[in-house]
Amino acid sequence: MIALEKHVVVIYPHPDDEAFGASGTITQFRQEGVPVTYLCGTLGEMGRNMGNPTFANRETLSDFRRKELIDACNVMDVELRMLGYRDKTLEFESRDEIAKHLKNILEEIEPSLVITHYPGHAVHPDHNAMGAAAIEAVKQMDPDKRPKVWAQAISHDHVKLFGEPDVINNVKPVFDQKMKTIMAHRSQAQGVLGSMNGSAEAAADLEEVAKERLGYESFYTWNFD
Amino acid sequence: MEPIHIEEVQKQLDRLANKEVYVHLETTNGAYASHFNENAYNVGAFIRNAKVNYLHGKIVGDNGTYRVGLKLDNGWVYAEGVNQWELDEQDRLLMAGHDREGRLMVALEISEQPFKN
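This one's a predicted model, so the numbers in the text were calculated from it and none came from an experiment.

A. How the structure looks around the sheet that holds strand β4 (residues 54–62) of chain B. Residue and element names in this part refer to chain B. Ordered in space as β4-β5-β6, the three strands form an open sheet in which the pairing is antiparallel. The outermost strands of the open sheet, each flanked by one partner alone, are β4 and β6 (75–82). Adjacent strand axes in the sheet meet at a mean angle of 10° when their direction is disregarded. Relative to β6, strand β5 (residues 65–72) is paired through seven bridges, and the arrangement is antiparallel. When the bridges of β6 are listed, Lys71 appears paired with Trp76.

B. Expanded view of the confidence of the model for chain B. On average, residues of chain B carry a pLDDT of 94, and 100% of them reach 70 or more. Listed scores for the predicted complex are pTM 0.93 and ipTM 0.92.

C. Representation of the packing of helix α2 (residues 61–76) of chain A against helix α6 (residues 175–184) of chain A. All names here are of chain A. Their axes nearest at 8 Å, the elements α2 and α6 cross at an angle of 165°. By the angle class used here, α2 and α6 are roughly antiparallel. Remark: the crossing between α2 and α6 carries right-handed chirality. Touching Glu68, Asp71, Ala72, Val75 and Met76 of α2 are Lys180, Thr181 and Ala184, all from α6. A per-class count over the contact of α2 with α6 returns four nonpolar, one polar and three charged.

D. View of the interface of chain B and chain A. The interface is formed by 19 residues belonging to chain B together with 14 residues belonging to chain A. Of all the secondary structure elements, the ones that give two or more residues to the side of chain B that touches chain A are β2 (21–28), β8 (93–98) and β9 (104–111) of chain B. Grouping the amino acids of the side of chain B that touches chain A by side-chain chemistry returns eight nonpolar, six polar and five charged.

Cut-off values and rules
Residues numbered from 1 in each chain as written. Chains lettered and ligands numbered in written order. Predicted model: local features only at pLDDT ≥ 70, side-chain atom pairs only at ≥ 80, totals over all residues. Pairing = 2+ DSSP bridges. Helix = DSSP H or I, 4+ residues; strand = E, 2+ residues; numbered from the N terminus. Axes fitted to C-alpha atoms, helices over the stretch in contact; angles between N-to-C directions. pLDDT = per-residue confidence, 0-100. Parallel < 35°, antiparallel > 145°, perpendicular 65-115°, else oblique. Left-handed = near helix turned anticlockwise from the far one by under 90°. Contact = placed C-beta atoms within 7 Å. Nonpolar A, V, L, I, M, F, W, Y, C, P; charged D, E, K, R; others polar.

As structure tokens, then:
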């Protein structure tokens, strides 16, 4: 599934989007020696999960999430760049300015593949805005130098509308690494995965459930024509 | 944060009254509410660094859930569902309401210095 790429750039708005959405695929690329850079849009400042039991508050959450993001990127062994936008506000920023920002970075890195959210089909407004800006950035690049784009849809109706995604990665063989990446986001993982840290038996079951839900990572190759 | 101690919070509300303060007020049910439940609505609002000067503030409630109101010259600031609080190392009064899973539902914070944008 993983064709040899020159460099992969992942563009998502929140610390943990990469963990749940693409850390298996990222791990597979890293195992092949492909460099990966994560451009993370915000620090998830407005997240609802404060750890369970809570250990963060609205004012300390961004510091925790910055550390968690760095830890997750260390687990995945990828380069990290934080773009400095604020959680929940991406759709109100100038799309052109974000696109220009991203285009400058892409022209510097010259990736062969960009992974981002599918605009309009990624549920969270920040996902849709970041995905739209990322695709706009690639569109504005010289067609000869354009990377491929894999766009990730999360909406319930995307298969009905577009058919099955053309890229479906089975990441179960690297699922331990994916779980480690998810768990690096300590303030968020508990909320999303519930009582993973319960009894060993329950944890094993939940890991199986997580594997079924998160064991495949799928993307649509964006068509620029 | 700690469970609300009504007398302690009231003391802080009194301390911060009648001076220029910055307010962060927020409520949310998350960006995924209607994704996980088609009958739910996504609602939320926040205002960060609203500069106000309140005449008096009051915390009211019981059984672990509280309301806070700040009476302004020509208006009000109001939050319902607050259940935890903390005075942080910058002497900011942080109040929030969390659900059973520890997710933030409402926050009201008052500071003499602007909050980090």
